[in-house]
Amino acid sequence: MAAIIGIIDHLICRLFIIYKPVMKRLIAFSLFTTVFCIACFAQEREKIAPAGYDSLRMEIPHGKIDTITYPSKTVGTNRRSLIYTPPDFSSKKKYPVLYLLHGIGGDEKEWLKEGKPQVILDNLYAAGKIEPMIVVLPNGRAMKDDRAIGNIYEPAKAQAFATFEKDLLNDLIPYIEKKYPVLKNRESRAIAGLSMGGGQALNFGLGNLDKFAWVGGFSSAPNTKTPQELLPDPEAAKAKLKLLWISCGDNDGLITFSKRTHDYLNEKNVPHIYYIMPGVHDFKVWKNSLYMFTQFLFKPVDVSTFNKYTVLGTPASSNIRSVKYPQVLPDSRVLFRMKAPDAQRVQIDLGRKYDMARDTGGYWKLVTDSISEGFHYYSLLIDGVAVADPASESYYGMSRMASGIEIPFAGGDYYAEKNVPHGDLRIKRYFSTVTNSWRRFYIYTPPGYDANVIEKYPVLYILHGGGEDERGWATQGRTDLILDNLIAEKKAKPMLIVMPDGNFGSGGLAGFGEQSLRQFENELKQVIIPFVDKNYRTETDAKNRALAGLSLGGLQTLYAGIRNTQLFSWLGVFSSGWFSNQPTLANPQYEYMKNNAAAINGNLKSLWISMGGKEDIAYSNCKIMMTKFDEMGIKYSYTEYPGGHTWPVWRNNLYNFAQVLFR
């Protein structure tokens, strides 16, 4: 091999001597192209139209706008439309077509008067950013008197916007394809629109996937069909759509219609661009949308980049009312922005510490890396002091009040708010004879509990982790929504779920030991279970009672549950395991299990153990514990859900464990 390399090297040297001038030019060109390509890839993706994008430039070639008249059998009259043909238009070449629709108060001239589409497109052509295309700007009000006069909201005029679908498909498109040199396949046909026209574009484009491969809704209005009506077959959309674009201004009152469609598409894993920019319901947003949207059309697209284009994100659902930041971007990065003009250093602690950058107005800003699904605690660090973000709801976690953020993801449907019967979350105070104090628990009662006054229910007692309390499963855990959805789908039996405070002594892991475990066991057996059985309609035998917990609550479950299998037939241990470095605590538990293995196996219908993968801080302890179980012959089931030691894992644990119970 070395000899071959030497020969090649010698030949290159000889060629360089013989063709020195040419080789120099080739090397120079190679270096130029390398630097150029590196610069191209290093350049940040264009996310918003630059200054002057809609300004007329006399030094470049211009397209042409004409008015056409076509016969409409749908309406029973001749109708008008504008048509844009690109610079250097030739009847000998065939072009793809974009149908561009106006709003409820406009007509075929609205884009021309307010949006300057011909200027925007001419400038894009001159920059080499778009493919040559014909753009048709019709009147989307399909009725004989289609002028935007009088009460534009009256029912007949509103219906005319729906009727336009038939006019478009049966009259206008056939006319364009007969009179102009256009490509007639679906891959060469796009539809987009603003406001009412945005709703039309989504309705007609997604409703006719055999006609359109490119669909864009700009600030789509309430005429937009529900997501389930738009895409009853998400798989067909994935197969046929080249691009689905949904854009809106962040202060547009109609943004909820765009967001609900985006959320549904996310849930169904349908690739799309959800583009949010600063703005309201006006042409500033719509012109920018046209500028961005047309650059994708009629050329290869990379769906893996679709979540990178937006300017702004969506305010986190965990924000307090009407607060814009933090925002979650489509790729699950988080945009933080806050004002602290006198602070010297501001950080966000979210998985890791991020330094924020201050602008001249005293605002601090940051975009994080992509954050994993579901709920996460976070804190502001202002000059080194950890505080809750006043823009966020606060949650008791990490042994203090902290902020929390909800990161939506495609698989989060199981804890979403749905149109299903809902149970109740109730707070109940009780006096504890174990602690000689007033305490409280949260309790979930399933749908119909108050109406079905005779029916009795099984009970799951579920425990929080260290640094949390009875609020954890009720708020961070989304227990009520998870069970509402499971019960509605008949995947889980209706049940009561009791969420007690598991803190004893100094609380959390700081006061953890045999004494606090025994105290919790006494509280559960002597106070909580009798109180629940007395005050709620419960099935009181072991086969209708379950105990589960996460982290610290998992250890409490292992202790109180294993020692009382005459009370519980179902145990769930989430992200937990006896500490391998505390044999004085763990060994007596293993000794008890070894001596009572037959009773434990006989009484338990399920010992269900789950971890958050190798990133879970309890992973090693759990693996060692299960090895001990194997040696003792203790029966159990084991599953993993990636995510470490976090609430997304534990929500998923509850979702799966609840389906096992009381069968």
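Residues numbered from 1 in each chain as written. Predicted model: local features only at pLDDT ≥ 70, side-chain atom pairs only at ≥ 80, totals over all residues. Heavy atoms only, no water.

K.L.:
Lay out the sheet that holds strand E11 (residues 334–339) with the relevant residues and their values.
P.N.:
In space, the five strands of this open sheet follow the order E9-E10-E11-E15-E14, with antiparallel pairing throughout. Each edge of the sheet is formed by a strand with only one pairing partner; in this case those strands are strand E9 (314–315) and strand E14 (357–358). As judged from the two bridges shared by E9 and strand E10 (residues 327–328), these two strands associate in the antiparallel manner. Looking at the pairing, proline 315 lines up with glutamine 327 of E10. (Pairing = 2+ DSSP bridges. Helix = DSSP H or I, 4+ residues; strand = E, 2+ residues; numbered from the N terminus.)

K.L.:
Which residues make up the sheet that holds strand E20 (residues 424–432), and what values do they have?
P.N.:
Whether parallel or antiparallel, the strands of a sheet pair through hydrogen bonds between backbone atoms. One open sheet accounts for eight strands, arranged E20-E21-E23-E22-E24-E25-E26-E27; its pairing is mixed. The sheet is open, and its two borders are formed by E20 and strand E27 (637–640), each paired with just one other strand. The sheet shows a mean angle of 20° between the axes of neighbouring strands, direction not considered. As paired elements, strand E24 (residues 545–550) and strand E25 (residues 570–574) share five bridges and run parallel to each other. Residue pairing across strands places glycine 549 opposite valine 573, the latter belonging to E25. Together, E20, strand E21 (437–445), strand E22 (459–463), strand E23 (496–500) and E24 form the strand contacts of helix H13 (residues 514–535), whose direction differs from that of E20 by roughly 120°. Its contacts with the sheet put helix H18 (residues 647–660) on E22, E24, E25 and strand E26 (606–611), and the angle it makes with E25 is roughly 165°. (Axes fitted to C-alpha atoms, helices over the stretch in contact; angles between N-to-C directions. Contact = heavy atoms within 4.5 Å.)

K.L.:
So what's going on with the nonpolar core? Which residues, and what values?
P.N.:
Residues Tyr461, Leu524, Trp578 and Phe629 are the most contacted members of the largest nonpolar core, which totals 49 residues. With seven residues, H13 is the largest single contributor of residues to this core. If we skip the residues at most four places from it in the chain, leucine 524 touches Tyr461, Ile529, Pro530, Leu547, Ala560 and Phe568. Of all hydrophobic cores here, the second largest spans 43 residues; its members include Ala142, Leu168, Val215 and Cys248. (Core = buried A, V, L, I, M, F, W, Y, C linked by side-chain atoms within 4.5 Å. Buried < 20%, exposed > 50% of the residue type's maximum accessible area, 1.4 Å probe, protein only.)

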